[in-house]
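The lines below spell out each chain.
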Amino acid sequence: MPSRADISLETITRRKQNRIKPQAGSFSHLSSYHLTKPISREGLRSSSFLEASVKAKAGDNLCSVKAYVGCKPVGFQKQRRCRVLAVSKVESSGVHGRLQNLESSFHNFEESGSNNQLRKFVRNGELEEGFKLLEGMVYHGEIPDIIACTSLIRGFCKKGKTRKATRVMEIIEDSGAVPDVITYNVLISGYCRAGEIDNALQVLDRMSIAPDVVTYNTILRSLCDSGKLKQAMEVLDRQLQRECYPDVITYTILIEATCKESGVVQAMKLLDEMRSRGCKPDVVTYNVLVNGICKEGRLDEAIKFLNNLPSHGCQPNVITHNIILRSMCSTGRWMDAERLLADMLHKGCSPSVVTFNILINFLCRKGLLGRAIDVLEKMPKHGCTPNSLSYNPLLHGFCKEKKMERTIEYLEIMMSRGCYPDIVTYNTLLTALCKDGKVDVAVEILNQLSTKGCLPVLITYNTVIDGLSKVGKTDQAIKLLDEMRAKGLKPDIITYSSLVGGLSREGKVDDAIKFFHDFERMGVRPNAVTYNSIMLGLCKARQTDRAIDFLAYMVMRGCKPTESTYTILIEGIAYEGLANEALELLNELCSRGVVKKSSAEQFSSLPCSVSLQAAADVVSFA
């Protein structure tokens, strides 16, 4: 919702564009536009109506005029009454020939009042009321205030109501008011944010005034983000034809898109064009190119490019170094990363929290938790306070190594330093607890998340539901499913696969099948893991025929069976005492390339009385 300061700032922006110096009080003048507040004496002195009265030297009529001006324009009946009374008093006091001035002054006041009310509606976020008022104003021949209308367009665009914003623009144009470039830019920006680039281009074509560089940059950014570089270059040509010259932002947008679509070599040509047109690249432009070079795997070239930047009159910043540092870490060049960090400090380029987080993340992925802790502890010496992204890799590393005591220790250290865990921190902790079999502790933490100001997300619930399902607590898992639905979270295939697998393992295969069909009806498409869980449950229940029917259903629904799918059925046949038939089926599937030869050899070595459980030790089921 635009504030008074926003509207005042927009006014001053327009004045700057017109080379008019803002007057004193420009940031506060709008506070006088409340209809609910009485008009001050200063306001009356400046009104055209009072000015006309003073010129006529009708001092006795000042009270009448004040009485008239003081009437609020709420309802046409009251407006008519005020008007008649004011005219009557002016006429009866002997002042003639001023009726036309009075009419004009009343009309001006009426317009001013309506525009003030429009501003108030926009400030309060009452966009629909503002829209209705605007329609009424134009219907009665009033000229709407462009700044207030621009704010109304912005408000509708922020809510995604671009059609309503367009209608506001049409009303403005039909009213006789002249939208300025800022008004058009706001509408174009709204279209671009909504992904309606074609509509944005249509507005560009029918603008009644010349677009500025901001107009073009907004459209170019939207086209480039949508992967439409060719169309963006065509818009650039139109921009040049209209003698609206690109700035550093224009070229940076196009260079970034060219790096992604055509490669750095083509992007360098744009850089040359940019320089030839007298537009000097800034550090953001060069960062885009450094990033492009790194993504193409040419790290040594990127380092050389970094070192040459000062010769082009540009000092690399911390973001430039971070791009190189991340690339070094991702390619395992730890020694180079350490040298780069030392070089940064030598040049007086202070590392940021992101710099240290890149290093910590790399070391934790390599299992070098001790060195990661050393980096973490050095951060305050460089003026950087560790955040949750600094601690999360460490906690994940400890959990991966099943060092739960160290995990809890650093979680407490993190909190004691005023850095509170985020949902990623808790998800890491919950995953580790569930893998460690401490599902009850995980449930307890999950129940406390809301009180800690950290709302659980889908992954959070999926982690705990999966943990409960694997330890035979599907009843509790189903309660969590109901809870997440009540909170507006939509279960996905992972949620349902965990429950189906858990029910099948508990021997509740009919309940598992019911769940399976329930989530099918909800539009969730089962995957091979889900089908395999059902078939495994049926085979364990010695219902191999039903499992084979489920295989047929799986194929009919367009889900491709995996090697595990066929292995489960072979085990099921063997589990029912038909070991020879199982081996024959295995060999036939092996000859077709459906099952690996190594699996056939393993089964051949098993005794005929092999059970499904024993076979499960040989073959892993998801």
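Residues numbered from 1 in each chain as written. Predicted model: local features only at pLDDT ≥ 70, side-chain atom pairs only at ≥ 80, totals over all residues. Heavy atoms only, no water.

**Concerning helix 31 (residues 544-556)**
Link 1 in the chain: The end-to-end C-alpha separation of helix 31 is 18 Å, in line with the 18 Å expected for 13 residues at 1.5 Å each.
Link 2 in the chain: Buried-residue contacts for helix 31 involve helix 29 (509-521), helix 30 (528-540) and helix 32 (563-575).
Link 3 in the chain: Of the residues trailing helix 31, Gly 558 is marked for its positive phi of about 80 degrees. (Helix = DSSP H or I, 4+ residues; strand = E, 2+ residues; numbered from the N terminus. Expected span 1.5 Å × (residues − 1). Contact = heavy atoms within 4.5 Å.)

**Some points on the nonpolar core**
Link 1 in the chain: Ranked by internal contacts, the top residues of the largest apolar core, which has 152 residues, are Ile 153, Ile 219, Ile 255, Leu 289, Ile 324, Leu 394 and Met 535.
Link 2 in the chain: When residues of this core are assigned to their parent elements, the largest contribution, eight residues, is made by helix 10 (residues 181-193).
Link 3 in the chain: The contacts of Ile 255, once residues within four sequence positions are left out, are Ala 267, Leu 270, Leu 271, Met 274, Thr 285, Val 288 and Leu 289.
Link 4 in the chain: Counting seven residues, the second largest nonpolar core, distinct from the first, contains Ile 570, Ala 582, Leu 586 and Leu 589. (Core = buried A, V, L, I, M, F, W, Y, C linked by side-chain atoms within 4.5 Å. Buried < 20%, exposed > 50% of the residue type's maximum accessible area, 1.4 Å probe, protein only.)

**Observations regarding the side chain of Ser 390**
Link 1 in the chain: Mapped onto the fold, Ser 390 is located in helix 22 (residues 388-400).
Link 2 in the chain: With a relative accessible area of 0%, Ser 390 lands in the buried category.

**Observations regarding the packing of aromatic side chains**
Link 1 in the chain: The tally for this structure, following the rule as stated, stands at 12 aromatic pairs.
Link 2 in the chain: For the pair Phe 398 and Tyr 410, a centre-to-centre distance of 5.8 Å together with 35 degrees between the ring planes defines the contact as tilted. Of this pair, Phe 398 sits in helix 22 while Tyr 410 is found in helix 23 (residues 404-416), placing the two residues 12 residues apart along the sequence. Each of the two residues, Phe 398 as well as Tyr 410, counts as buried.
Link 3 in the chain: Here the aromatic rings of Phe 516 and Phe 550 are separated by 5.2 Å at their centres, their planes lie at 65 degrees, and the arrangement is edge-to-face. Here the residue Phe 516 occupies a position in helix 29, and Phe 550 occupies one in helix 31, the gap between them amounting to 34 residues.
Link 4 in the chain: Judged by relative accessible area, Phe 550 falls into the buried class, the value being 8%.
Link 5 in the chain: Stacked on the ring of Phe 131, the Lys or Arg Lys 164 has its end atom at 4.6 Å from the ring centre.
Link 6 in the chain: The ring centre of Tyr 575 lies 4.4 Å from the NZ or CZ of Arg 542, which sits over that ring. (Phe/Tyr/Trp six-rings, centres within 6.5 Å; stacked < 30°, edge-to-face > 60°. Lys NZ or Arg CZ within 6 Å of the ring centre and 35° of its normal.)

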